[in-house]
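Chain and residue survey
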Amino acid sequence: MANELETDYFVADRDIDIDITIGEAQLGSSLLRLDGKQLAKGDIQHLTISNSTPLKDKVLFVKTIVSDVNDKTNLTSVVYTLRGGKIDQTFRLSVTVEDEGDSVIYRAWFNLK
Amino acid sequence: MKRNLSLEQVSGVVFFLVFCHASPAMAQAKAKSEVDQLRTPSAPGFVLLGVEPASVERPTTPKTFAFSLLSAFKNGDTLPKNYALEAAPYWLFPHQSLTYDGYMKAGVGQTLLQTVSLSLVTSTEEHPANTDAALAAAPTTKLAMGLRAQLLSGHASQALIEARKELEAAQAEALDVVSDADTAPSRRTGPPPTPEDFPKVKAAALKIQKLDKERVGFLLEGAGALALNYAESKAKNAELSRWGAWATAGYRLDKPRLEIIGVLRYQRDALAEQSLLDAGGRANFKLGELSLGGEYVHRWAPDDDFYRLAGILEYQIQSGVYLSATFGRNFENGATGNLISILGLNFGLGSDPKL
């Protein structure tokens, strides 16, 4: 599905940062869980996930709701940027909603390896 | 507690008034529409040609835009009949790094990109049966192209800021809902998750869409259009028939809800070699469901100068339904007189640009 992503992210022995960008001039909010424990909720910018307890073999789950508040387009998109691992990576998801005002729930599972 | 008039009560009154004053009301319907149009048109191409297409193609991707044009103009040098297209080029492409804040706080250049829209319309005139047979078989097609954009589009009103907070709260609630879809695909064992629905979020999102059209602060917009005649509907017979330009500047206050707009519009009839220049202004004050306004337009025409002065009162009965009264003096000095006196019930079937 265009609104879901499950992928591996290779961590190094340090903290990782995550940025979530809601594009197309839409509005969204996100929820982050690490192995089921909620880390943050809301507008996520430069969130640091500490490596004080090793991140390896954990699952970072990100759930983002994006609502169509822009009457010029029904396209929604979310960009997840992870930094601090073996390499920085960017993941893009995009869905066009059917009706004005509709929302999309994006879900991403990052298997931290 | 606020009480609005019921739709049934008002409809009964308006029905009576309209049918007691049918003849002057019909003569003045054109004046009413002109009074309402003291702003840059959303589709200047349509306005210049004086058409209201029954069906307008609004492509949302480059592919559908190209497909629409290619399908319409596929017959070589013969123009399509009654084709209408409206498109916002910027929004045909994805903008994954454009955040809502970036969109709302755009500078002049970015605002121009975000708001530019194109309109294209054709209208084919079938010749009456009593003209030359060859002419009757070869109708004239008119084509108009228009461009509209904003340079300044104001900023969020307090109502929009509040609506955004409502949306954020509704979205936060939606995120807390635990769903089967929260299980990673590789770990799912049951049937695919069912789509989720969040009515509170949708209501808040639609409210924001509506309030985005009611920004406050400085507003500046321009539009231009030109119309061509094609005899026998052949591309090689193109002839410029008219062109026009509009410029609108305004300022909108949040509290009190006051709007002041100035408009300049120029139309040139290239075939008759005549020009019209209108310059005018409108002030509008809103108090709850009641809206009071006044409008003055001065027209420089080939024969003489004219002016129009009108007062407008509008009462919102319910969402999208307005009772309006317009009184004043119109441009014409002909047999029907120049008095504007209209009472009407308006049903809003679409969104009109506020500027």
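Overview of the structure.

From N to C terminus, chain B includes 9 helices and 11 strands. Within chain B, buried positions represent 37% of all 355 residues. Considering only contacts within chain B whose residues lie at least 6 apart along the sequence, 62% involve residues at least 24 apart. As displayed, chain B offers around 19,700 Å² of accessible surface, 61% of which is attributable to carbon and sulfur atoms.

With that settled, consider the overall build of chain A. When its secondary structure is counted, chain A shows 0 helices and 9 strands. Its helices and strands in sequence order give chain A the pattern β-β-β-β-β-β-β-β-β, from N to C terminus. Taken over the C-alpha trace, chain A has a radius of gyration of 14 Å; the compact-globule value for 113 residues is 13 Å, and the two agree within 12%. Dimensions of chain A, computed from C-alpha atoms along their principal axes, come out at roughly 45 × 20 × 20 Å. Within chain A, contacts between residues separated by at least 24 positions form 74% of all contacts whose residues are at least 6 apart in sequence.

The subject of this paragraph is the interface of chain B and chain A. Contact with chain B, which involves 38 residues of that partner, is made by 42 residues of chain A. Summing the contributions of chain B and of chain A, the shared interface buries around 3,100 Å²; its carbon and sulfur component is 53%. Taken together, the connections running from chain B to chain A amount to 8 salt bridges. Across the pair Arg188 of chain B and Glu4 of chain A runs a salt bridge, and its minimum N-O distance is 2.7 Å. Run the count over chain B and chain A and you get 23 residue pairs in polar contact (both at pLDDT 80 or more). For the side of chain B that touches chain A, the class distribution of residues is 19 nonpolar, 10 polar and 9 charged.

Another point: the side chain of Gln171 of chain B. Tracing the backbone through its elements, the reader meets Gln171 of chain B in helix α8 (residues 158-176). With residues near it in sequence (within four places) discarded, Gln171 of chain B still touches Leu27, Gly28, Ser29, Ile65, Val66 and Ser67 of chain A together with Val201 of chain B.

In this section: the nonpolar core. Residues and elements named next belong to chain A. Judged by nonpolar contacts, the single largest core of 28 residues is most densely connected at Ile18, Ile20, Leu60, Val62, Tyr80, Phe110 and Leu112. Of all the secondary-structure elements, those providing two or more residues to this core are β1 (4-9), β2 (16-22), β3 (27-34), β6 (59-67), β7 (75-83), β8 (89-96) and β9 (103-112). Among the elements that line this core, the one with the most residues is β9, at 5 residues. Each residue touching Ile18, except ones within four places of it in the same chain, is listed here: Leu32, Ile44, Gln45, His46, Leu47, Ile49, Leu60, Val62, Thr81 and Leu82.

As a further point, take the packing of aromatic side chains. Residues and elements named next belong to chain B. For the coordinates displayed, the defined rule picks out 9 aromatic pairs over all chains. Measuring from ring centre to ring centre gives 4.7 Å for Phe218 and Tyr251, while their planes differ by 65°; the resulting arrangement is edge-to-face. Taken together, the positions of Phe218 in strand β4 (residues 216-230) and Tyr251 in strand β5 (residues 238-252) put the pair 33 residues apart, joining distant regions of the chain. Ring plane angle 50° and centroid distance 5.2 Å describe the contact between Trp243 and Tyr266, whose orientation is recorded as tilted.

With that settled, the discussion passes to the environment of Gly36 of chain A. Residues and elements named next belong to chain A. Assignment of secondary structure puts Gly36 in the loop between β3 and β4 (37-42). We classify Gly36 as exposed; its relative accessible area is 59%. Counting along the chain gives 23 residues from Gly36 to Val59, while the straight-line C-alpha distance between them is 8.2 Å.

A few words on helix α9 (residues 199-212) of chain B. For α9 of chain B, which comprises 14 residues, the first-to-last C-alpha distance of 20 Å matches the rise-based estimate of 20 Å (1.5 Å per residue) to within 8%. Contacts from the buried residues of α9 of chain B go to β3, β6 and β9 of chain A together with α5 (100-104) and α8 of chain B.

Another aspect to go through is the sheet that holds β6 of chain A. Residues and elements named next belong to chain A. Read across the sheet, 5 strands follow the order β1-β9-β6-β3-β4 without closing on themselves; strand pairing throughout is mixed. The open sheet has two edge strands, β1 and β4, and neither has a second partner. Ignoring which end each strand starts from, the neighbouring axes of this sheet average 15° apart. One ladder, built from 9 bridges, connects β6 with β9; its direction is antiparallel. By the bridge assignment for β9, Val59 is matched with Asn111.

Here the focus is the pattern of salt bridges. Using the criterion set out here, one finds 24 salt bridges over all chains in the structure. When the shortest N-O distance is used, the salt bridge between Arg107 of chain A and Asp182 of chain B registers 2.7 Å. With one member in each of two chains, Arg107 of chain A in strand β9 and Asp182 of chain B in the loop between α8 and α9 form a pair that bridges those chains. On the basis of relative accessible area, Asp182 of chain B is assigned to the buried category, the value being 13%.

Cut-offs applied
Residues numbered from 1 in each chain as written. Chains lettered and ligands numbered in written order. Predicted model: local features only at pLDDT ≥ 70, side-chain atom pairs only at ≥ 80, totals over all residues. Heavy atoms only, no water. Helix = DSSP H or I, 4+ residues; strand = E, 2+ residues; numbered from the N terminus. Buried < 20%, exposed > 50% of the residue type's maximum accessible area, 1.4 Å probe, protein only. Contact = heavy atoms within 4.5 Å. Areas by Shrake-Rupley, 256 points an atom, 1.4 Å probe, with all protein chains shown as cover. Rg over C-alpha atoms; globule rule 2.2 N^0.38 Å. Buried area = accessible area lost by both parts, 1.4 Å probe. Salt bridge = Lys/Arg side-chain N within 4 Å of Asp/Glu carboxyl O. Polar contact = N/O pair within 3.5 Å; in protein donor to acceptor, adjacent residues only side chain to side chain. Nonpolar A, V, L, I, M, F, W, Y, C, P; charged D, E, K, R; others polar. Core = buried A, V, L, I, M, F, W, Y, C linked by side-chain atoms within 4.5 Å. Phe/Tyr/Trp six-rings, centres within 6.5 Å; stacked < 30°, edge-to-face > 60°. Expected span 1.5 Å × (residues − 1). Pairing = 2+ DSSP bridges. Axes fitted to C-alpha atoms, helices over the stretch in contact; angles between N-to-C directions.

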